[in-house]
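Breakdown of the fold
One letter stands for each residue in the lines below.
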Amino acid sequence: IDSLRILADALADSGVSIREMDGFYLGFIIPLIGKEFDLLKCEIKSLCLCSKSYEAKEIDSLLSWADIIYVGGGDTIFMMQVWRQNGLDKKLKRIYEKDLAVLTGISAGAICWFNCGHSDSESFEKEGNWNYCWANEMLDIFHIAFCPHYNEDGRNSFDEMLAEKNKFKGVQAL
């Protein structure tokens with residue numbers, strides 16, 4: 001949220017009014033985040049691929065409307081599977097390549113923009129047993145590995161897993 005405030009301030013400094021940025025897409029519904037964006041006077045629309053079916057043109061319409069695409073956390077590997085089933089992976093890469101929107105996210109929603117990431121996706125399948133794994137074949141916009149929540153217990157395995165992978169540099173976020 002602080003980064004989005006910084007972005008909003010930078011846009012305002014460059015002469016862009018937040019009111020002009022009325023297109024906003026929220027990829028994961030979190031009431032607290034919705035309240036934060038309300039404070040920025042952003043309109044929010046959601047794309048909930050797990051709870052609703054969309055026609056391709058509906059997805060295209062939401063994505064073309066967005067100035068900022070924010071992806072929340074959750075099961076990284078499952079999220080990418082759903083995106084591929086709906087063609088969202090290709091659509092998001094095209095948005096990046098054509099510089100049509102700001103792409104951002106948190107946790108799984110941050111991993112997705114990288115080549116691979118240190119994920120807790122296995123923990124969603126094995127309740128109560130927190131195992132970390134590589135979430136591979138992400139969007140690969142950034143050709144490095146990513147680890148969100150690096151300061152949390154168990155995330156030090158990122159360094160070991162990265163050394164074993166031996167093909168990427170890594171980046172961590174607290």
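Refer to the structure above for everything that follows.
Residues numbered from 1 in each chain as written. Predicted model: local features only at pLDDT ≥ 70, side-chain atom pairs only at ≥ 80, totals over all residues. Heavy atoms only, no water.

Turning to the overall build of the chain, a few remarks are in order. Counting its secondary structure elements, the chain contains eight helices and eight strands. The buried share of the chain, reckoned over its 174 residues, is 41%. Counting contacts in the chain only where the partners sit at least 6 residues apart, residues at least 24 apart contribute 63% of the total. Within the structure as shown, the chain displays about 10000 Å² of accessible surface, and the carbon and sulfur contribution to it stands at 50%. (Helix = DSSP H or I, 4+ residues; strand = E, 2+ residues; numbered from the N terminus. Buried < 20%, exposed > 50% of the residue type's maximum accessible area, 1.4 Å probe, protein only. Contact = heavy atoms within 4.5 Å. Areas by Shrake-Rupley, 256 points an atom, 1.4 Å probe, with all protein chains shown as cover.)

Formed by 29 residues in total, the largest nonpolar core has its most connected members in Leu49, Ile69, Trp83, Leu88, Leu92 and Trp113. Those elements that provide at least two residues to this core are helix H3 (56-65), strand S3 (68-71), helix H4 (76-85), helix H5 (88-97) and helix H6 (108-111). The element contributing the most residues to this core is H4, with four residues. Beyond its immediate chain neighbours, meaning those up to four positions away, Leu92 contacts Leu63, Ile69, Trp83, Leu103, Trp113 and Leu139. Within the second largest apolar cluster, seven residues are counted, among which are Cys116, Trp134, Phe158 and Met161. (Core = buried A, V, L, I, M, F, W, Y, C linked by side-chain atoms within 4.5 Å.)

Across the two faces of S3 the burial is the same, with Ile68 and Tyr70 and Ile69 and Val71 all buried. Direction of pairing for S3 relative to strand S4 (residues 102-105): parallel, over a ladder of four bridges. Within S4, the position partnered with Ile69 by the bridge is Leu103. (Pairing = 2+ DSSP bridges.)

Time to look at the pattern of salt bridges. Pairing is possible between side chains of opposite charge, provided their charged atoms come close. Applying the stated criterion across every chain, the model contains two salt bridges. The salt bridge involving Asp60 is made with Lys91; its shortest N-O contact spans 2.5 Å. Within this pair, whereas Asp60 is found in helix H3, its partner Lys91 is found in helix H5, the two being separated by 31 residues in sequence. Judged by relative accessible area, which is 36%, Asp60 ranks as partly exposed. For Lys91, a relative accessible area of 13% corresponds to the buried category. The closest approach of N and O atoms between Arg84 and Asp89, which form a salt bridge, is 3.9 Å. Overall, the relative accessible area of 36% leaves Arg84 in the partly exposed class. Since its relative accessible area comes to 12%, Asp89 is described here as buried. (Salt bridge = Lys/Arg side-chain N within 4 Å of Asp/Glu carboxyl O.)

Read these as geometric descriptors, not functional statements.
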